[in-house]
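Fold and contact review
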There are 2 protein chains.
Amino acid sequence: MAAPVPNSQQEMRRRNLTRVLHAVAEGGPASRASVAARIGLTRAAVSTLVDELLRAELLVELGPGRPGGVGRPGSALALTGQGPCGIGAEIGVDRLTVCAVDLRGEVRARASAACANRGGDPAAVAARLGRLVARVAAEAAEAGLRPAGLAVAVPGLVARGTATVVRAPNLGWRGVDLAPLLPAGLPLTVDNEANFGALAELWLGASDGPRDFVHVSAEIGIGGAVVLDGELLRGARGFAGELGHVPVRPEGRRCACGGRGCLEQYAGEEAVLRAAGLPYGEDTGARITRLADRAAAGDTATLRALRDAGTALGVALAGAVNLLDPRAVVLGGALARLAPWLLPSLERELTARTAAPDAIPELTVSAAGEEGPLLGAAHSVVRAVLDDPLAHGPGRGPEGVRRTAARV
Amino acid sequence: MAAPVPNSQQEMRRRNLTRVLHAVAEGGPASRASVAARIGLTRAAVSTLVDELLRAELLVELGPGRPGGVGRPGSALALTGQGPCGIGAEIGVDRLTVCAVDLRGEVRARASAACANRGGDPAAVAARLGRLVARVAAEAAEAGLRPAGLAVAVPGLVARGTATVVRAPNLGWRGVDLAPLLPAGLPLTVDNEANFGALAELWLGASDGPRDFVHVSAEIGIGGAVVLDGELLRGARGFAGELGHVPVRPEGRRCACGGRGCLEQYAGEEAVLRAAGLPYGEDTGARITRLADRAAAGDTATLRALRDAGTALGVALAGAVNLLDPRAVVLGGALARLAPWLLPSLERELTARTAAPDAIPELTVSAAGEEGPLLGAAHSVVRAVLDDPLAHGPGRGPEGVRRTAARV
């Protein structure tokens, strides 16, 4: 069937305002004339739209001599560094992190706390996270920013369109609805960390980067996400991208998911540490650093463990590549730091097992790395503002954050 | 970015003509008023569009008492059983088949020939196919139909947007461009048979059937295709859906693709026949019938071979399900006929290995079965007509078929 046609003037206006904002967000500060050229509208139409966005305090005019201005001084439009911002949060297995990102994409406030969330009571974890959110929101407010929403990355499956963590084996959570546990007053989004990591790659990576890729990352489990034609594949129930449970040794080790021989059992952090003969310490970052240090020092057991993990990743990714024919495979999260030792065996398997000749996807390493899920979460809120600017003019944003800060 | 907006009156008219045709195609014969209700346009607007489609001889008015008429006699509109038709063709490993399908979706002419295409010279195979196409086109012409295009299903990988078979291991073809070898004068589409099979399932299955599914079929190889939100996933190069080369025993049997332990080596027809202790005979249909007969008679070796094939299918599909979270898995082609003996072990693996709880997709058997690729091919041409009706009025269709018939 034909694509839907915008059904009102209002909707058309909203779309055009969004196009102006995205043109500035993606192409950088620009004059009205160059925005018009970028999006193919007349200069007059763009001027009207720009006036509205200036009034809504989403765009600003860079004054003469102002750093960052391009072209004739005073004529360049830029996204505001004040006004709406996105709050991103990540519930890790042993760390909570929160940040605020402004419309320009800059991180303006940040807080994190080490804490053992494995087996933690969801309400207690959410309360701690809420306090960090309040701290970051207060810091953002001092800088003239107002939070437009909160997006939370979790290491588990989230039912599509809800805030319910269906299953997060490494937290020990099942069927946890985070909505009533997190600060009220802010629009809330909860999603799988690998999904946010892949979105960060899509949004923050090179502008000519691939728009069809499989993103694979690791913290304790293996996270995967599939981006097709610039859109995250969510799946019928929101559970797409579970690369960690693709069978790589069908008769192999039992997995917490109920299956056998899942990728996670061979390339997950716990499996790699065990194979390298290393203890399972306190903090993910420290564990990955230890693995990287040992590998760099040429420790045989560590090198073998990483090579075998690369082989397992290659087998699972070969299946994904044969099924999806993506443009690229991106290693993110902890895998980005371990890439030098994973890639040779991974690439060998992928090359040998890709059925179509000359269809080996590009193998790349995420620039966002371990920050991907957090940044992807915060940016998802920023993009929601850019996509619906009429809802976010001055006085329109949620004002619940100070209330929230008082509540927790 | 926002969806594109139709940029001209002409484009808007084309879209609305298409909406009228699809409303009649999908909802059956209907009055102008009910078409208007189905698509949400005014009765006056629909009347103008309908007049144009009647003049273009794509719609007809069913006369009073005419069978198939509904509502008030004389007022029901239906798709024509004359005018443009789609020619579908299938190059099988041991058979060529061609059919003509009218706008109503009815098969109006059909021809097939047994021939050993394995290792066959592409030019000779294409010439035989061309003669069948000419025969079917001539028969269609006698019934008042004019071919609007030719779509050819092949058991191999086709480079996206071309007529080039990159690799068809079971034909022994590599880099064969079919365009210069097939009848000129008709718009030509060449695609993988599994893709056309999945499209047939999407287009000809129940109207409330799933729009997100993995389709798996078998002739000699294993064919797979992925449909997401009602669209076939093609992949960056056109090679998506290669389920047959998903590793199920990573250290297992060598495969023609260069990999090891691919699904095809455990659930492909050749593997199943060997495991069942049956010879590899002349014709696919006869071989599948023999397997089904033996299984129905309780032959132990055949039952075990099919059970093991179901297990291998379950392992590969579990990977696909964890990655894509589809609404359904559909068994097509020869697998549809063997489903009673494949499903128990297949379902067991899928259930045990799907990571998300309650996310086991529905397991269904294709209604089109072995006819899927052929029907999907013919229907793809019909849908191209419905999607661009202005190009297919009387005298607008390609007239090359009689020329073609004379040429071959």
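Residues numbered from 1 in each chain as written. Chains lettered and ligands numbered in written order. Predicted model: local features only at pLDDT ≥ 70, side-chain atom pairs only at ≥ 80, totals over all residues. Heavy atoms only, no water.

**Things to note about the overall build of chain A**
Test applied: For helices the rule is a DSSP run of H or I covering at least 4 residues; for strands it is a run of E covering at least 2, with both sets numbered from the N terminus onward. The quantity called the radius of gyration is restricted to C-alpha atoms. Its globule counterpart is 2.2 Å times the number of residues to the power 0.38. Remark: exposure states derive from per-residue accessible area (1.4 Å probe, protein chains only) relative to the maximum for the residue type, with buried under 20%, exposed over 50%, and partly exposed in between. We call two residues contacting when some pair of their heavy atoms lies within 4.5 Å. Each accessible area is a Shrake-Rupley result for a 1.4 Å probe, and residues are judged covered by the shown protein chains and nothing else. In summary, the charge assignment counts Lys and Arg as positive and Asp and Glu as negative, without counting His or the chain termini. Where a charge lies is defined by one atom per residue type: Lys uses NZ, Arg uses CZ, Asp uses CG and Glu uses CD.
Helix and strand content of chain A: 12 helices and 15 strands. The globule rule puts the C-alpha radius of gyration for 408 residues at 22 Å, and the 22 Å found for chain A is close to it. Seen through its principal axes, chain A has C-alpha atoms that stretch 65 × 55 × 45 Å. Expressed as a percentage of the 408 residues in chain A, the buried residues total 58%. Restricting the contact set of chain A to residue pairs at least 6 apart, pairs at least 24 apart contribute 63%. For chain A, the accessible surface area stands at approximately 15900 Å², while carbon and sulfur atoms represent 50% of it. Distance between charge centres in chain A, computed from 44 positive and 42 negative side chains, equals 2 Å.

**A word on the pattern of salt bridges**
Rules: Counted as salt bridges are all cases of a side-chain nitrogen of Lys or Arg within 4 Å of a carboxyl oxygen of Asp or Glu.
The full count for this structure, using the stated rule, is 36 salt bridges over all chains. The shortest N-O distance in the salt bridge between Arg307 of chain B and Asp308 of chain B comes to 3.5 Å.

**Some remarks on the relation of the copies chain B and chain A**
How we decide: For the least-squares superposition of copies, only C-alpha atoms count, and only for residues with pLDDT at least 70 in both.
In the superposition of chain B on chain A (RMSD 0.0 Å, axial shift 0.0 Å), the rotation amounts to 180 degrees. The relationship between the two copies is best expressed as a two-fold rotation axis. Interface overlap between copies: 100% of the residues of chain B at the interface are likewise at the interface in chain A, consistent with a symmetric, same-surface contact.

**Focus: the sheet that holds strand β8 (residues 164–168) of chain B**
All names here are of chain B. Test applied: For two strands to be treated as a pair, DSSP must find no fewer than two bridges joining them.
Pairing is antiparallel across the open sheet formed by three strands, whose spatial order is β7-β8-β9. Since the sheet does not close on itself, it has two edges, and those belong to β7 (157–158) and β9 (173–177), each with one partner. Bridge analysis of β7 against β8 gives two bridges, and the strand direction is antiparallel. Paired with Val158 across the strands is Val165, a residue of β8.

**Digging into the confidence of the model for chain A**
Where we set the bar: pLDDT is a residue-level measure of predictor confidence that goes from 0 to 100.
Mean pLDDT over chain A: 88, with 91% of residues reaching 70 or higher. Low pLDDT (under 50) marks residues 65–74 of chain A, which in the prediction has 11 contacts with non-local residues, meaning those over four places away or in another chain.

**Comments concerning the domain arrangement of chain A**
The cut-off we apply is this: Either an automatic procedure or a domain database provided the assignment from which the domain bounds are taken.
Taken as a whole, chain A is organised into domain 1 (9–79), domain 2 (84–197 + 372–407) and domain 3 (206–366). The C-alpha-based centres of domain 1 of chain A and domain 3 of chain A are spaced at 41 Å.

**Points about the sheet that holds strand β15 (residues 362–365) of chain A**
Ordered by their spatial adjacency, five strands build an open sheet running β13-β12-β11-β14-β15 (chain A), and the pairing between neighbours is mixed. Taken across any chain shown, the strands that pair with only one partner, and hence form the sheet edges, are β13 (231–232) and β15 of chain A.

**With respect to the interface of chain B and chain A**
Many analyses report the size of an interface as the accessible area lost when the parts associate. Threshold: Put simply, buried area is the surface a 1.4 Å probe can reach on two separate parts but cannot reach once they are joined, added for both.
Of the residues lining the interface, 57 residues belong to chain B; the matching set on chain A comes to 57 residues. In total, chain B and chain A occlude about 4600 Å² of area from one another, counting both sides; carbon and sulfur atoms represent 62% of this. Along the contact surface separating chain B from chain A lie four salt bridges. Note that Glu251 of chain A and Arg249 of chain B form a salt bridge whose closest N and O atoms lie 3.5 Å from each other. Of all the secondary-structure elements, those providing two or more residues to the side of chain B that touches chain A are α1 (9–27), β8, β12 (222–228), α9 (300–324) and α10 (333–353) of chain B.

**Examining the environment of Ala336 of chain A**
Residue and element names in this part refer to chain A. By secondary structure assignment, the location of Ala336 is in helix α10 (residues 333–353). Assessed through its relative accessible area of 14%, Ala336 is described here as buried. Sequence separation of Ala336 and Cys255 is 81 residues, and the distance between their C-alpha atoms is 24 Å. Residues contacting Ala336, with those up to four places away along its chain left out, are Leu331, Val365, Ser366 and Gly369.

**With respect to the pairing of strand β5 (residues 107–114) of chain A**
Strand direction decides the pairing type here: strand β4 (residues 95–102) of chain A and β5 of chain A, joined by seven bridges, are antiparallel. Across the sheet, the residue bridging to Thr97 of chain A is Ser112 of chain A, located in β5 of chain A.

**A look at the nonpolar core**
Basically, it comes down to this: Residue types Ala, Val, Leu, Ile, Met, Phe, Trp, Tyr and Cys, when buried and joined through side-chain atoms within 4.5 Å, form a set referred to as a nonpolar core.
Among the nonpolar cores identified, the biggest contains 89 residues, and Val216, Leu263, Leu313 and Leu317 of chain A together with Val216, Leu263 and Leu313 of chain B are the most heavily contacted of them. Setting aside chain neighbours within four positions, we find Leu313 of chain A in contact with Val216, Ile222, Leu263, Ala267, Leu335, Leu342 and Leu346 of chain A. One finds Val20, Ala148, Leu374 and Ala378 of chain B within the second-largest nonpolar core, a separate group that totals 42 residues.

**Structural notes on the pairing of β15 of chain A**
Residue and element names in this part refer to chain A. Quick reminder of the rule: We call a crossover right-handed when, viewed with the strands running away from us, the connection from the first strand over the helix to the second turns clockwise.
One ladder, built from four bridges, connects strand β14 (residues 328–331) with β15; its direction is parallel. Considered in β15, the bridge of Val330 is made with Thr364. With respect to chirality, the unit in which β14 leads through α10 into the neighbouring parallel β15 is right-handed.

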